[in-house]
Structure formats: C-alpha cells, structure tokens
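Reading the structure
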Amino acid sequence: MTGPTGGLEVGAEVEVDVTAFAHGGHAIARHEGQVLFVRHALPGERVRAHVTSAGAGERFLRADAVDVVVASPDRVVPPCPWAGPGKCGGCDLQHVSLTAQRALKAGVVREQLARLAHLEVDVEVEPVPGDDAGLDWRSRVEFAVDDAGRAGLRRHRSHAVVPVDHCRIAAPGVDRLEVTEHPWSGLEAVDAVAPSLGEPVAVRVPEDGSGPVVRERVTTSWSGADGTTVTFDREFAVDARGFWQVHPGAAATFLAAVMGELDVRPGERALDLYCGVGLFASALAEAVGPTGQVVAVESDPSATEHARANLADQPQVAVVTARVDDAFGVARPSRRGTGRRSSAPRRAARSPLLPPSADVVVLDPPRTGAGKAICAEVARLRPRAIAYVACDPAALARDTAILAEAGYRLDRVRAFDAFPMTHHVECVATFRAG
Ligand SMILES: C[S@@+](CC[C@H](N)C(=O)[O-])C[C@H]1O[C@@H](n2cnc3c(N)ncnc32)[C@H](O)[C@@H]1O
C-alpha cells in the first residue's frame, strides 16, 4: 500500500532489515528512502513491518514487527503475554534478553554523548542491585479506566485500555491490590502504589482531596571522603502520587552513586536542585554536618512540605519552594516548539536563599533536563563537583555540552537499568571543574 508520493501508507506491510536501535526505544529500518521506527524488532533482524502511523511531516513512519523472518540471537519469548504488536504499550523490550536490553541502552547513552556532546565515553548499564530478572519491580503503576469502569493498561500511543490481568513488571504489593479485578466506574485512572514501608494503596484519579501519603525507607552505603564507609538509613514521607523512584532499589542506588563521587566534607556548602522530598539533601546534610549548609530547591509545594518534615532534624538544610529557574532569577525556557517564553509569571530576582557559591551541586531534573540557563547558573557557583542524575540520555548529553562550555568536564558517567523491559535508562554523571 503506497501513498500519493509513492511512499508507504498507514496499514502497509513490508519486509525490512532492521539496522539500528535509537533513542526512544525504536528499532530503525529503511524502505525505499523512508525511515521506519519499528517496535518489537531488534537490530540484525529481518521483519515484516506493519505501518501504524506517520511521524510529524511524514518524515518517518512508525511500524510494528508483526512477523520475524530472521531473528536476532538476542530475541526471547516475552515473559508477559500482553506484550507485542497491538497489545499493552507499557513495555517495549520484553522480546529482548535482559543482557541485550542493557547493551542496547548503553549504546543509546554512548551515541547521545557522542552526537550531542562530542564525547566518546565507555558506558555500561548496570543492573539495580538484586534485580536478576527485570520483572516484579514497578512500585507505582497507573492503571487506566475505560468507559465501562474496567482498569487496565494503555495500548501504545492510544487511549484504548488493554484488559491486562497481571502486569509482569509490577511489584508484588501492586499485584496484591488486584486493581484490575474491581470496577472503578467514573474514574480516569487508578494509581497503585507499593511503598517500601506500610501497606500498598490504590489512589483514585481524579483524587478526592489531597490524597494519601506513603513512607519510603532508603538504606545504603558508600565510601566517604576519608575512605571510610558511610552508612545511610532514613525514612521519607511522600505523596502516594508524588515523585519517587519507581524501582524499589533505585533511590538507594542513585544516592550511593552520587555521594560516592562527590566526596562531601564537613563544613561544605551543597545545593540539591529538583530535590523532591529531600533524598539527596538529607545525605548531603549528613556529610556537611552542622557546620555546613545545604540549599534544596523544588517546585512542588507538597513535596517541599514533606522535605521540610523529612529533614526536620537537619537544621543545616534550607528548603526553597520554587522553580529552579525562578530561584536563580533567569528566564523560563521557551515552550517546546513554540519558540515563545512561558507566559506564567516568574520571580524577577534571584532568591536570597541561593548562595553565591557552592562546593558541590546535585542536579536531578525532569526529562527535559536542566537546560542552558540553569547549567550556566550552576557553573557560576564554581562548585568543585556536580552530580547530575538524568532519566533522559539526550537531555544529559545536551547539558554535558553546555557544562563543558562553562568549564565543567564529564569525569564519569554510570548508567543503571532502573526500568527493565522498557527502553528507559537512568544515568548518574559527575562533572568536575577544569
Ligand atoms: C526526577 S525528580 C527528582 C526528585 C528527587 N531528587 C528524588 O530523587 O526523589 C524531579 C523533581 O523536579 C521537580 N521539578 C520539575 N520541574 C521543576 C522546576 N522547574 N524547578 C524545580 N523543581 C522542578 C519535580 O516536581 C520532581 O520532584
């Protein structure tokens, strides 16, 4: 089936050779000059691809591999019966061995750093400790509810609800809630949350009132500035629907990775930007001690309220409720694609709570990254080290290039498989002055 210009149309099926795996989880194939992003395929395979949609401006086509003609040795039978063309859109790598999933993600991190930051970096994607199978980990699952009140998971790029009986990546606490067994008429979604402490909760969306609060415990250790082992064991209150890492081992893993690199010393000044409920700020506060100072910035007022309570025993921490760009007094970035500045009001001046300099900075921004203005402001603080926690390798690579221009070189990047069976990967990068 071809369109007026001779290219493939939605609904067409063609046999193609898959040549690469790209950022965003797409396998890449070409057909007579057209680029196809093929789901459920692997590099090195020959597949029959069914075209499902056209990308913006028809520059590329999206397709599903509906038949595998020549299989990759990395292909496995998906552990979940709901994974595959036309089924649940939650996982995109169930058909790939766990070892190969990690190798593909490492390739994406390497490729983004090479393309956007012009750096050749050897990266390995490490498992989150204790995760051998990549299943039963997701401690937060948003179940969509259809018009009949049935809960399930969304089909890829669709509002359709797939009646998944059991999500294979969901944590056992989420399964215990049996969300898909109950009717949920009148709701948009049900968020199932299985915290590390206490009972799992099913939160109705839209929420009625402020919503439940859960408790998370983080226990970990790292090697401190003087070579001794630092142990960390704290509890955090967080809104059930607020930000917390979804893999049960992720918060402890990222914290140890960050603190192990920063070598924070007593009396130092630290910044925790995009601090959530205070995970990194609490460890920084322990490291700088009562003579040091930590400033933590976060835009969600409920998260900062929790952060203040979670860190109430650490008076060396000041928690600032503000967007990071507003706190620095810089212009907000343009809204994606519009070229216009955000119309929302912003603070005219830098927050007096932000210090003029810092010894170390932790950056843990959302997917869009910190961006040019924030990276420039962070560099202006002249920290000796910056730890950057990134859930999008492209954003990390863009910000790596900006930090390099501002005099900060990428010293080390670690990558973690905190979202097995999906294309997502988390990086912890350390930048040092000079
Ligand atoms: C990836 S989470 C990190 C949270 C925290 N560091 C943790 O590990 O739990 C990003 C956080 O940034 C917050 N956020 C998003 N945009 C922001 C902005 N412009 N300024 C400040 N915080 C922002 C979100 O509310 C969220 O809590």
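For the structure itself, consult the block above.
Notes on the structure in this doc start here. These numbers come from a predicted model, not from an experiment. (Residues numbered from 1 in each chain as written. Predicted model: local features only at pLDDT ≥ 70, side-chain atom pairs only at ≥ 80, totals over all residues. Heavy atoms only, no water.)

Reading across the sheet, the 8 strands line up as β6-β19-β20-β18-β17-β14-β15-β16 and stay open at both edges, with mixed pairing between neighbours. Where the open sheet ends on each side, the last strands, each with one partner, are β6 (125–127) and β16 (317–321). Strand-to-strand, the axes of this sheet are offset by a mean angle of 20°, without reference to chain direction. Across 3 bridges, the pairing between β6 and strand β19 (residues 408–417) is parallel. Bridging across to β19, V125 finds its partner in A415. Of the strands in this sheet, β14 (269–273), β15 (293–298), β16, β17 (360–363) and β18 (385–390) touch helix α4 (residues 279–288), which is tilted by about 170° from β15. Sheet strands touched by helix α7 (residues 372–380): β14, β17, β18 and β19. Its angle to β17, the strand with the most contacts, is close to 160°. (Pairing = 2+ DSSP bridges. Helix = DSSP H or I, 4+ residues; strand = E, 2+ residues; numbered from the N terminus. Axes fitted to C-alpha atoms, helices over the stretch in contact; angles between N-to-C directions. Contact = heavy atoms within 4.5 Å.)

The geometry of helix α3 (residues 250–262) relative to α4 is characterised by a closest axis approach of 10 Å and an angle of 40° between their N-to-C directions. Put simply, α3 runs oblique to α4. Regarding α3 and α4, the two cross each other, and that crossing is right-handed. In this structure, α3 contributes A251, F254, L255, V258, M259 and L262 to the contact, and α4 contributes L279, F280, A283, L284 and A287. In terms of residue class, the contact of α3 with α4 is built from 11 nonpolar, no polar and no charged. (Parallel < 35°, antiparallel > 145°, perpendicular 65-115°, else oblique. Left-handed = near helix turned anticlockwise from the far one by under 90°. Nonpolar A, V, L, I, M, F, W, Y, C, P; charged D, E, K, R; others polar.)

Attention shifts here to the sheet that holds strand β5 (residues 60–70). The sheet built from 5 strands closes into a barrel, its strands ordered β1-β2-β3-β5-β4 with mixed pairing. Taken pair by pair, the neighbouring strands of this sheet meet at an average axis angle of 50°, ignoring direction. In this structure, strand β4 (residues 46–54) lies alongside β5, joined through 8 bridges in antiparallel fashion. By the bridge assignment for β5, A49 is matched with A65.

This paragraph deals with the site of the ligand. Near the ligand there are 15 residues, and of these Y274, E298, S299, V324 and D364 occur at the shortest range. Residue S299 places a main-chain N or O atom 3.2 Å away from a nitrogen atom belonging to the ligand. Burial of the ligand by the surrounding chains reaches 86%, relative to a free accessible area of 590 Å². (Near = heavy atom within 4 Å. Polar contact = N/O pair within 3.5 Å; in protein donor to acceptor, adjacent residues only side chain to side chain. Areas by Shrake-Rupley, 256 points an atom, 1.4 Å probe, with all protein chains shown as cover.)

Only one face of strand β12 (residues 213–223) is covered, namely the one carrying V214, E216, V218, T220 and W222; the face carrying V213, R215, R217, T219, S221 and S223 has none of its residues buried. Pairing geometry for β12 and strand β13 (residues 229–239), over 11 bridges, is antiparallel. The residue bridging T220 from the neighbouring strand is F232, located in β13. What sits between β12 and β13 in their antiparallel hairpin is a turn of 5 residues, with G227 showing a positive phi close to 90°. (Buried < 20%, exposed > 50% of the residue type's maximum accessible area, 1.4 Å probe, protein only.)

With that settled, consider the pairing of strand β7 (residues 140–145). In terms of burial, β7 is largely enclosed, as 5 of its 6 residues are buried. With 5 bridges connecting them, β7 and strand β10 (residues 189–193) associate as antiparallel partners. Within the sheet, the bridge partner assigned to V141 lies in β10 and is A192. When β7 meets strand β8 (residues 151–154), the two strands line up antiparallel, connected through 2 bridges. Bridge pairing in β8 places V145 opposite A151. Hairpin connection, β7 to β8: the antiparallel pair is bridged by 5 residues, and G149 has positive phi, about 85°.

These figures come from the coordinates and say nothing about function on their own.
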